[in-house]
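Structural features, examined
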Amino acid sequence: MSPRTPPSAAAAGTRQQLPLIGNDLVVNEDSCNLSCTYCLTGQSNLKEGHSLQLIFEPPRRDSYEPGSPLGQRLDAVAGRLRDHFGLPLLKVTGGEIFLVRGIMDFLEQEARKHEVLVIQTNGVLVRQEHLDRFRSWGNVVLQVSLDSHLHHGNSHRVPTESLHRKVVDAISRILGSGLPVEIYSVLNDRSVTEACAFAEWLTGFSRPPVYFPFPVRGPDSERFAVRPEQHGLVQELADRYDEFASVLPPRPYFDRLLSFYREGRRTFRCHLPRLVVSTFSDGVVTPCPNIWFSDMGNALEESWEETLEKAGTSGLYRALLAPRPRLSACHGCFTPWDTLSMYFEDEITLDELCTAPTYSPPRIRKMIADAKADYLRTGGK
């Protein structure tokens, strides 16, 4: 199904719905088997459960199967978003999704319906049988959260050396699987001291992952942030780019990263909300996968189509897509999704962007190129 123009927008002659390529689907975000001290869910105010910081409570188990409450919700949210927008990309994240019994059945179902299935995990519960099934599907990209292979650099995520060893052992198995893997690594006052050593460690795998270091975010980020006297450690990683090129994103990524630390905030434009929307397993829809700003409505309610038709047309979208970041939360945000914005701002080429398996399928590549062309035709609005 191709993307549609909302009837109300067409009648009013206003801007059309955004040409979204993906849905970032968050499953049971309050349930995780780790308790990262800087966890964004524990700092979010989008839902009452977030303010209660349930992410730091013992994880709750849930089940995906046809007819179960979670199964009905997940199938409806993923299906409605996919069909309404014609989405080729689905990202599934949590919480930790492998706490959900039967989640592999949902993932396999969705892998058949999308060009790319991106799975974000901390890796601890991923077993060899999971990896074997992922390989058989042929379109899975794993995004694995790990700040360092050394315990000090990863200690904001795991408190003990013994648990850290289990985490690294599990992730080493993932990195040896032959699957395309991206390492999502939060730069904080501890992990930054080991960034170069971490990059060197990652180069030792036969199919190296892509290592995406990005700043810690959220209202409490100052507690964990890279300190001014540590900025030189980020510069050192950029200076050693040629040495670690096999595991690093395009070189201009580090221009943005260094600018973020030099300016003390984000000053560059974000295009992510024009390409990806975020949903939750309880049906909530919010316009930005990076920071959960506002509840646009619910994809499980009778008015779900009206909710989805808000994409790109609300005042919040105008703020999120402004030439300069307007919102305080945006000032503190920079993530691996930024490569999409870098392409829109001519900082990297389409070929550079699409070296990432997430964006490499021809349909996704074309949709991104067409979205940029439309953006340029409208004068960058």
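Being a predicted model, the structure only gives us computed values, none of them experimental.

**Focus on the pairing of strand S3 (residues 89-93)**
Of all 5 residues in S3, 5 are buried, a share of seventy percent or more. Relative to S3, strand S1 (residues 22-26) runs parallel, the two sharing 5 bridges. Opposite Val-26, over in S3, you have Thr-93 as the bridge partner. Sheet topology note: the S3/strand S5 (residues 116-121) ladder contains 4 bridges and is parallel. If you follow Leu-89 over to S5, its bridge partner there is Val-116.

**A word on the pattern of salt bridges**
A side chain with one charge can pair with a side chain of the opposite charge if their charged atoms come near. Taken as a whole and judged by the stated rule, the model has 22 salt bridges. Glu-243 serves as the salt-bridge partner of Arg-240, at 2.8 Å between the closest nitrogen and oxygen. Under the relative-accessibility criterion, Glu-243 is labelled partly exposed at 46%. By sharing partners, the salt bridges in this structure join Arg-256, Arg-266, Asp-338 and Glu-347 into a single network.

**A few points about the pairing of strand S6 (residues 140-145)**
With 6 of its 6 residues buried, S6 lies for the most part within the structure. Neither face of S6 is left uncovered, since the one carrying Val-140, Leu-142 and Val-144 and the one carrying Val-141, Gln-143 and Ser-145 both have all their residues buried. By the bridge criterion, 5 bridges tie S5 to S6 in an arrangement that is parallel. Each residue of the ladder has a partner; that of Val-118, found in S6, is Val-141.

**Points about the packing of helix H3 (residues 69-85) against helix H4 (residues 103-111)**
Where H3 contacts H4, the axes come no closer than 12 Å and their chain directions differ by 15 degrees. Here H4 runs roughly parallel to H3, going by the angle between their axes. For H3 against H4, the interelement crossing comes out right-handed. Contacts between H3 and H4 involve Leu-74, Asp-75, Ala-78 and Arg-82 from the first element and Ile-103, Phe-106, Gln-109 and Glu-110 from the second.

**Structural notes on unusual backbone geometry**
It is generally the case that most residues other than glycine have a negative phi and that most peptide bonds are trans. Along the chain, Gly-94 connects to Gly-95 via a cis peptide bond; the corresponding omega equals 25 degrees. With respect to the helices and strands, the residue Gly-95 is situated in the loop between S3 and strand S4 (100-101). The backbone of Asn-28 shows a phi angle near 45 degrees, a positive value even though the residue is not glycine. With respect to the helices, strands and loops of the structure, Asn-28 is situated in the loop between S1 and helix H2 (48-51).

What counts as what
Residues numbered from 1 in each chain as written. Predicted model: local features only at pLDDT ≥ 70, side-chain atom pairs only at ≥ 80, totals over all residues. Heavy atoms only, no water. Buried < 20%, exposed > 50% of the residue type's maximum accessible area, 1.4 Å probe, protein only. Helix = DSSP H or I, 4+ residues; strand = E, 2+ residues; numbered from the N terminus. Pairing = 2+ DSSP bridges. Salt bridge = Lys/Arg side-chain N within 4 Å of Asp/Glu carboxyl O. Axes fitted to C-alpha atoms, helices over the stretch in contact; angles between N-to-C directions. Parallel < 35°, antiparallel > 145°, perpendicular 65-115°, else oblique. Left-handed = near helix turned anticlockwise from the far one by under 90°. Contact = heavy atoms within 4.5 Å.

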